[in-house]
Amino acid sequence: MLEDKQLTLLQDISLTVAKGQTIAIVGSSGSGKTTLLSILAGLDLPSQGEVYLKNKPLHKLNEEQRSQVRAEHVGFIFQQFLLISSLTALENVMLPAELANDDNAKQLALDLLAQVGLSERANHFPAQLSGGEQQRVAIARAFISKPDVLFADEPTGNLDKKTSTYIADLLFELNTKYDTTLVLVTHDLTLAQRCQRRIEMQGGQLVNGPIPSDISKEQCGTETTHIEVTE
Amino acid sequence: MMNFLKVNWVKQSIQLLKHELKRGELTIVVLAIVLGVASVFSLAGFSGKIKQALLHESTSFIAADRVLQSSRKLVLHPSSKQPDGLSRVQIDNKSQQLNIKQAEKVLMSSMVFAGDVMALVEIQAVSSAYPLRGELLVSDSVDSTRVSAVNAPDLGSVYIEEKLLSVLGVTIGDVIDIGESRFTIKAIAKQIPDASFSVFTSGVKIIINVADLDKTQLVQPGSRLTYKYLFSGDTDDIEALTTWLKPKLNESQRWHDIQSKQSPLANALNRAEKYLSLASLLGIILAAVAVSVASRRYAQRHQSSVGVYKAMGASLSHIRKLYYLHWSMLSLFSILIGLLSGYILAQLGFYAIQDYLPVQLSTGSENGASTLGLVSLGFYPLVIAIFTGVLCSFAFAITPLKELVSTSPLVVIRGAQQTSSSQQLSIRISQFLIPLLALLFLLFIFSGDIFLSFSLLIGGIAVSVLLLIIGRLLMKVTRNIGTKAGASWHLALANLQRRAKENSVQLVSFTIAIKLLLMIIVIKSALLSEWQAQLPEQTPNLFLVNMTKNQAAEVDEFAIQQQITAGDIYAVVLGRLTAINDDKITKKVSKEKTEDNDNGRQGVGRELNLTWRENLPKENTIVEGQWWQKGSISTNQAQVSIEQTLAKRLNIKIGDNLTFQLGSEVIKVPVTSIRKVNWQSMQPNFYMIFHPQVLADYPASYISSIYLPVNKKIQLQQFLSTYPTIIVIDVDEMILQLRKVIEQVSKAVEFILVLVVFAGCLVLVAQVQASMEEREREIAILKTIGAKGSLLRNSILLEFVALGGIAGLMASVAMELTVYLLQRFLFNMETSFHAEYWLLGILSGAIFVGIVGLLSCWRLLNMSSVTLIRRTM
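Since we're looking at a predicted model, the values are computed, not measured.

1. Thoughts on the overall build of chain A
- Helix and strand counts for chain A stand at seven helices and 10 strands.
- At a minimum sequence separation of 6, the contacts of chain A that also span at least 24 residues come to 73%.
- When the accessible area of chain A is evaluated, it comes to approximately 9,700 Å², of which 45% is carbon and sulfur surface.

2. Brief notes about the overall build of chain B
- Looking only at helices and strands, chain B features 26 helices and 22 strands.
- Taking all 873 residues of chain B together, 52% fall into the buried category.
- In chain B, of all internal contacts separated by at least 6 residues, the share reaching a separation of at least 24 is 79%.
- Per element, the accessible surface of chain B, about 39,800 Å² overall, is 57% carbon and sulfur.

3. Some words on the confidence of the model for chain B
Residues and elements named next belong to chain B.
- Residues with a pLDDT of 70 or more make up 77% of chain B, whose mean pLDDT is 77.
- Mean pLDDT across the elements of chain B bottoms out in helix α10 (residues 359-362) (40) and peaks in strand β6 (residues 157-160) (92).
- Counting contacts from residues 359-371, a segment whose pLDDT is below 50, to residues more than four positions away or on other chains yields 14 contacts.
- Across residues 587-599, where pLDDT falls below 50, the model places 21 contacts with residues more than four positions away in sequence or in other chains.

4. A few points about the packing of aromatic side chains
- A complete count under the given rule lists 10 aromatic pairs over all chains for this structure.
- Relative to B:W255, the ring of B:F231 lies with its centre 5.4 Å away and its plane at 55 degrees, an arrangement referred to as tilted. One end of the pair, B:F231, is in strand β10 (residues 226-232); the other, B:W255, is in strand β11 (residues 253-256), and 24 residues separate them in sequence.
- Judged by its relative accessible area of 0%, B:F231 is buried.
- Judged by relative accessible area, B:W255 falls into the buried class, the value being 10%.
- Put simply, the rings of A:F76, A:F78 and A:F151 pair up and form one aromatic cluster.
- The ring centre of B:Y570 lies 4.2 Å from the NZ or CZ of B:R613, which sits over that ring.

5. Points about the interface of chain A and chain B
- The interface of chain A with chain B comprises 30 residues on the first partner and 26 residues on the second.
- In total, about 2,700 Å² of surface goes out of reach between chain A and chain B, with carbon and sulfur atoms giving 61% of it.
- In terms of surface lost to chain B, no three residues of chain A exceed A:L43, A:S86 and A:L99, which account for 19% of the buried area on that side.
- Here chain A and chain B share one salt bridge between them.
- For B:K11, the salt bridge identified is with A:E98, shortest N-O distance 3.3 Å.
- For the pair chain A and chain B, the number of links is six residue pairs in polar contact (both at pLDDT 80 or more).
- Class assignment of the residues belonging to the side of chain A that touches chain B gives a composition of 13 nonpolar, nine polar and eight charged.

6. Structural notes on helix α21 (residues 713-720) of chain B
Residues and elements named next belong to chain B.
- Within α21 the residues assigned to the buried category are L716, F719 and L720. Burial along α21 is one-sided: seen end-on, the buried residues are contained in an arc of 90 degrees. For α21, exposure combined with an orientation more than 90 degrees from the buried face picks out I714, Q717 and Q718.
- Buried residues along α21 sit against β12 (542-547), α18 (549-562), β21 (701-707) and β22 (727-730).

7. Overview of the nonpolar core
- Of all hydrophobic cores here, the largest spans 140 residues; its most connected members are A:L15, A:F76, A:F151, B:Y309, B:Y323 and B:F396.
- For this core, the element with the most residues is helix α8 (residues 264-311) of chain B, which contributes 16 residues.
- Discounting chain neighbours no more than four positions away, the residues touching A:F151 are A:L37, A:L40, A:A41, A:L53, A:V74, A:G75, A:F76, A:I77 and A:V183.
- Counting residues in hydrophobic clusters, the runner-up holds 52 residues, among them B:A114, B:V158, B:I188 and B:W628.

8. Regarding the environment of B:M688
Residue and element names in this part refer to chain B.
- Note that M688 resides in strand β20 (residues 688-690).
- Here M688 falls in the buried class, since its relative accessible area comes to 0%.
- For M688 and T611, which are 77 residues apart along the polypeptide, the C-alpha to C-alpha distance reads 6.8 Å.
- Excluding residues that lie within four positions of it along the chain, M688 makes contacts with L577, L608, N609, L610, T611, V640, S641, I642, L646, L658, F660 and R675.

9. Here we look at the packing of helix α3 (residues 89-99) of chain A against helix α2 (residues 8-23) of chain B
- Axis separation between α3(A) and α2(B) bottoms out at 11 Å; the angle between their running directions is 155 degrees. Judged by the inter-axis angle, α3(A) sits roughly antiparallel to α2(B). Viewed along their axes, α3(A) and α2(B) form a crossing whose handedness is left-handed. Contacts between α3(A) and α2(B) involve A:E91, A:L95, A:E98 and A:L99 on the former and, on the latter, B:N8, B:K11, B:Q12 and B:Q15.
- The class makeup of the residues in the contact of α3(A) with α2(B) is two nonpolar, three polar and three charged.

10. Remarks on unusual backbone geometry
All names here are of chain B.
- P131 follows Y130 through a cis peptide bond whose omega is -5 degrees.
- With respect to the helices and strands, P131 occurs in the loop between β3 (117-126) and β4 (136-139).
- Despite not being glycine, N581 has its phi angle at roughly 50 degrees, a positive value.
- With respect to the helices and strands, the residue N581 is situated in the loop between β13 (565-580) and β14 (583-584).

11. Thoughts on a nonpolar patch on the surface
- A grouping of B:F454, B:I458, B:I461, B:V465, B:L468, B:I469 and B:L473 is seen on the molecular surface, where their side chains present a nonpolar patch of about 610 Å² in accessible area.
- Along the chain, B:I469 turns up in helix α15 (residues 450-482).

12. So, the sheet that holds strand β9 (residues 197-202) of chain A
All names here are of chain A.
- The strand order β6-β7-β8-β3-β9-β10 describes an open sheet built from six strands, whose pairing is mixed. In this open sheet, the two edge strands, each paired with only one partner strand, are β6 (74-77) and β10 (205-206).
- Pairing of β9 with β10, which is carried by two bridges, proceeds in the antiparallel orientation. For Q202, the partnering residue across the bridge sits in β10 and is Q205.

13. A look at the pairing of strand β8 (residues 181-191) of chain B
All names here are of chain B.
- Note that β4 and β8 share three bridges and pair antiparallel. Counterpart to V138 in the pairing with β8 is A189.
- Relative to β8, β6 runs parallel, the two being bridged by four bridges. The residue bridging Y159 from the neighbouring strand is A187, located in β8.
- In the sheet, strand β7 (residues 175-178) pairs with β8 via four bridges, with the strands oriented antiparallel. Directly across from V175, in β8, lies its bridge partner T184.
- In this structure, the hairpin formed by β7 and β8 is closed by a connection of two residues, where G179 is found at a positive phi of approximately 55 degrees.

14. Regarding the side chain of A:R70
- For A:R70, the location among the structural elements is in helix α2 (residues 63-73).
- Sequence-distant contacts of A:R70, that is, excluding residues within four places in its chain, are made with A:A41, A:G42, A:L43, A:E63, A:F76, B:K310, B:A311, B:G313 and B:P409.

15. Points about the environment of B:L650
- Tracing the sequence through the fold places B:L650 in the loop between α19 (644-649) and β18 (657-662).
- Put simply, B:L650 and B:I585 are 65 residues apart on the chain and 9.7 Å apart in space, counted from C-alpha to C-alpha.

16. Considering the packing of helix α4 (residues 88-98) of chain B against helix α7 (residues 235-245) of chain B
Residues and elements named next belong to chain B.
- Between α4 and α7, the least distance of the axes is 10 Å, while the angle of their chain directions is 150 degrees. Accordingly, the angle class assigned to the pair α4 and α7 is roughly antiparallel. Handedness of the crossing formed by α4 with α7: right-handed. Where α4 approaches α7, its residues Q90, I91, K94 and L98 are matched on the opposing element by D237, A240, L241, W244 and L245.
- Residues of the contact of α4 with α7, tallied by class, amount to six nonpolar, one polar and two charged.

17. Here we look at α7(B)
Residues and elements named next belong to chain B.
- Here α7 has its buried residues at I238, L241, T242 and L245. Around the axis of α7, the buried residues are gathered within 100 degrees of arc, so they sit on the same side. What points out from α7, more than 90 degrees from its buried face, is the exposed set D236 and T243.
- If you follow the buried residues of α7, they end up packed against β1 (66-70), α4, β10 and β11.

Reading guide: rules and limits
Residues numbered from 1 in each chain as written. Chains lettered and ligands numbered in written order. Predicted model: local features only at pLDDT ≥ 70, side-chain atom pairs only at ≥ 80, totals over all residues. Heavy atoms only, no water. Helix = DSSP H or I, 4+ residues; strand = E, 2+ residues; numbered from the N terminus. Contact = heavy atoms within 4.5 Å. Areas by Shrake-Rupley, 256 points an atom, 1.4 Å probe, with all protein chains shown as cover. Buried < 20%, exposed > 50% of the residue type's maximum accessible area, 1.4 Å probe, protein only. pLDDT = per-residue confidence, 0-100. Phe/Tyr/Trp six-rings, centres within 6.5 Å; stacked < 30°, edge-to-face > 60°. Lys NZ or Arg CZ within 6 Å of the ring centre and 35° of its normal. Buried area = accessible area lost by both parts, 1.4 Å probe. Salt bridge = Lys/Arg side-chain N within 4 Å of Asp/Glu carboxyl O. Polar contact = N/O pair within 3.5 Å; in protein donor to acceptor, adjacent residues only side chain to side chain. Nonpolar A, V, L, I, M, F, W, Y, C, P; charged D, E, K, R; others polar. Arc of directions from axis to C-beta. Core = buried A, V, L, I, M, F, W, Y, C linked by side-chain atoms within 4.5 Å. Axes fitted to C-alpha atoms, helices over the stretch in contact; angles between N-to-C directions. Parallel < 35°, antiparallel > 145°, perpendicular 65-115°, else oblique. Left-handed = near helix turned anticlockwise from the far one by under 90°. Patch = residues over 30% accessible without salt bridge, like charges linked within 9 Å, V, L, I, M, F, W, Y side chains within 5 Å. Pairing = 2+ DSSP bridges.

Structure, rendered in structure tokens:
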């Protein structure tokens, strides 16, 4: 539950996501999808309840410690791409690896750019790239640190249909390749249907089963990205 | 070093700086800091030099930088009675130590003789180094216009004023007797630099060498002499001497510079100095406002990047180091550019006014200009400009920077800064507190007056809050008007109202900038017109002194015949104030002494020049009591009017009875009015003016002033040759010198005005730029929904025009109030209302803000909808 001007945004949510699983959070605008994503990713804190990411209790960590968790385990893809305008495509992709002091950042970034088909655009600045290209750079950036969990907020929300399909294909392909857990928030039902799980939110609550029967609580051990949000 | 450059945050910081500089993203921040540093550097350097040069120039009016004046000769060694007093040896040692030049001048009245003919003259005995400043110009023949600058005359020779030749019937090369000694007339003194303007001095001057003074045997016990010790040197050395010397002065000694002299020039200089300081202060305030506005925009622009860094797991310390380094490099870069621009601006300023300032004075050093002809601005302006740049860069940007660094990573999702209300309050407080404290500090450094700085700041805050409220109200009113106007106006005014909060801040900045500009223009023209009024065309340039009543009438007739302008005629009766309300005043108290001494009341200590008038003289105003009415002349009522500073000094009030000794007679008159006298007017002024009935029957001499054009000089000389007793005081040269200095001051003031206007304009541009992102989004939306280009263009233009117009109106009101206070309390000038500047404020605000706004949005207006949408995503 988040308290902001006495407004309850989320309540009674208990959700566990297993490692490598792809999960889509769907729901109408204002249903609490984005708030849930923010809490799951450790960008925000619940006013009550517990959140675990790779067994780390995010709800007990401060901003700096959560940053550290994100640096080690999390990747992001945003609807508005959010590339750093002063950095080239290559430098944008390198950024998370550099923050993690990875000496091999440049080579990794070049490989990833090649995988998203942007090798020739490596030295271009974001303003010189189209929307689809920017999102491909963002995807490459998200995967460079080989995150355990990738959070995507409306990754195709700003793209046309053809580009959306291409981006979605790329996202799922890399997800499979790197065995990453994918949590995405989307309005796009086609995209949502490509995920193994779909949960729907309404008025800040989950309206269908949070944990599918094929994943038991016991399976959410160290190998599981265990995210639990309870009141 | 190389390793440091490889550190991630250093690399990213440098990358960010390079990229943003290249793309012009930092133009406004850089311009704001450059502007601050450049204005301070150029204003401090320029006004400092101008002040120095003007003072230097004007020191010729006292022939030195400082003068120690005394009625007694300095003792050679400190006496046992006054061990703390000044002695000649001490002063010589100190001057030598400080590398200060010295000269000496002794003034006294005496008779000179040429055979049987005699005349009363003022003898000026000067040492060989005289004059230390200005020029003593002499001519070696009566008809020659060629003059040469000289020092003291050789032993046994004199320079005399031209008038004395005809009075004594002598010529150059003849011999005259002064006291017990004989002198040869070597040349005619055409200009004596420190010849004071006083119609009551003995008139014609003779300059002798001070080494000849003893030979004349004129100096006897009880002789009335004035000793002047003249000093000149570098400003710092003179200041050091002043600090050392001042505490040692006794009651008969005075230490003064040109500014402490009561003269129109001192007045003009004092005001110009205040004006230049005020202009510098306003320049700094404008620069600080610009930095503040630009840094807020900078922080807003980088919020999403910080959010991304944080989302990617960057630590707080990484982000802090990255942005603080970025801002520091940016500040350093801007400060350097600012120093360079300030230097160029000041050089251009010097170049522009070089014809008005003496060459050797505008060069800044004794050695003159450098090989390039550039003027060194000095160390102080450099330090103060760097300090201002650093303070502006950090104090005015620290809050936005801290906010930026603490941006929540949530902005990547929500797109806006999320802060709790309590945080917002603390941020808001610090947002204002730190810059305000910094501003107070800067104001204090520049004014050296904590009270003035505090008043300016508190006044500024009060005015800003008031402006904020009025601005909001005005925007509401215009919104209502807008609903009845055309589509463009409707949209413009709706936008204005919708962004009321942001616009109010913008409005206050516009208002402050326009207000400061108007203020500086209004005060400038008020100062200039007052200076002009002080020396209008046909200011009397000749004073005729020592006339009889009949001679005065004939002079009047001569003036009418020759169609020359004659001033009022004043009768002068010498008298001594002996008692106030029957309390006898003490025998002799020097002018400077203020504390009571012995028993009885304090007096003036010398004979007074008394006059009578039917009407109040022009430059006088009654501050207490009443001037006698015309009808009361026949009532034969004895009464006197007294000048206010003397009344205060002697504690004389309306109704007090004053007793005067006039020769052998004693008169007693009540005080019926107290007058304020403009001592700066080039007119005879009097402490005591009597009702005509009181003094009319006493023997008097008369003074008249006339304006004599050059082409009428010969006629006057012919006319006066029949009246050898009339003394002529020619102040033409002094008026010319005064006009020249006033012209220089005016030019300096105008140049500084241009700099401040430039600073103000940049604040306006910075403020318009600050709202660009928001406008970009709006234009994108409006274009997408099909708004026509002309509608968008007009609505943007009109929105800025309305904003500028409202700001201009508020600025005019605020300016009127501030100018009133400044004229009243800082400049001690007559206050006035400036309706014409209201129109200027409103129109210039509307036009300038309108044009800048439209030009800033022009690029956006011409972009396609797709590009705009992509940019704003």
